[in-house]
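A closer look at the structure
For reference, the chains in residue letters:
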Amino acid sequence: MTLRAFQLLGIAAEAEGLRLKLQAKASIRSAVIMAVAGVFGIAALTLLHVAGFIALRDLYGSLYACLGVALADLLLMGVLLLMGRSRKDPVAEAALLVRRTSLTEAARAPLLGDLMGMVGLRSPVSLAGGLVAERIVRALKRR
């Protein structure tokens, strides 16, 4: 790998860090808005229950009105539980297998030796010195 490749990797890492930071801010904002929406949803659901109870109470009495609203809630809960159960995703499982395989193979490869062979260096110290020098030059260019 050349020094240019290391520069490009550094730029890619900085861009990824910026992307993750902005994505985290957007996720937090979205979570807060959804929490507020959830509060209003619970308030509306409570009022819907009260209205249903009042309508059923006039027709069937208080006991049967309570039982009717509770039965409707239980039926809705059962449908939602059936809809929300987790299913196996074959694409996600394949991606997990690829990730595990690539990490296993990467752990087996002598990375530092390969890098030194590509750059033509003889020792890890000279490779580290080159990386530090390149970082210093880049920092000085920014000023």
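Here's a quick rundown of the structure. (Residues numbered from 1 in each chain as written. Predicted model: local features only at pLDDT ≥ 70, side-chain atom pairs only at ≥ 80, totals over all residues. Heavy atoms only, no water.)

This paragraph deals with the overall build of the protein chain. Secondary structure summary: the protein chain contains five helices and zero strands in total. Going from the N terminus to the C terminus, the protein chain shows its helices and strands as α-α-α-α-α. The buried share of the protein chain, taken over its 143 residues, is 6%. (Helix = DSSP H or I, 4+ residues; strand = E, 2+ residues; numbered from the N terminus. Buried < 20%, exposed > 50% of the residue type's maximum accessible area, 1.4 Å probe, protein only.)

Moving on: the packing of helix α1 (residues 3-60) against helix α2 (residues 62-84). Where α1 meets α2, the closest approach of the two axes is 7 Å, and the angle between their N-to-C directions is 135°. Classified by the angle between their axes, α1 and α2 sit oblique to one another. Handedness of the α1/α2 crossing: right-handed. Contacts between α1 and α2 involve His49, Gly52, Phe53, Leu56, Arg57 and Tyr60 from the first element and Ser62, Tyr64, Ala65, Cys66, Gly68, Val69 and Asp73 from the second. Considered class by class, the residues forming the contact of α1 with α2 number seven nonpolar, four polar and two charged. (Axes fitted to C-alpha atoms, helices over the stretch in contact; angles between N-to-C directions. Parallel < 35°, antiparallel > 145°, perpendicular 65-115°, else oblique. Left-handed = near helix turned anticlockwise from the far one by under 90°. Contact = heavy atoms within 4.5 Å. Nonpolar A, V, L, I, M, F, W, Y, C, P; charged D, E, K, R; others polar.)

Taken together, the side chains of Leu59, Tyr60, Leu63, Tyr64 and Leu67 make up a nonpolar region of the molecular surface, amounting to roughly 630 Å² of accessible area. Of all the secondary-structure elements, those providing two or more residues to the nonpolar patch are α1 and α2. A per-element tally of the nonpolar patch places α2 first, with three residues. Position of leucine 59 among the secondary structure elements: in helix α1. The class of leucine 59 is exposed, set by a relative accessible area of 65%. (Patch = residues over 30% accessible without salt bridge, like charges linked within 9 Å, V, L, I, M, F, W, Y side chains within 5 Å. Areas by Shrake-Rupley, 256 points an atom, 1.4 Å probe, with all protein chains shown as cover. Salt bridge = Lys/Arg side-chain N within 4 Å of Asp/Glu carboxyl O.)

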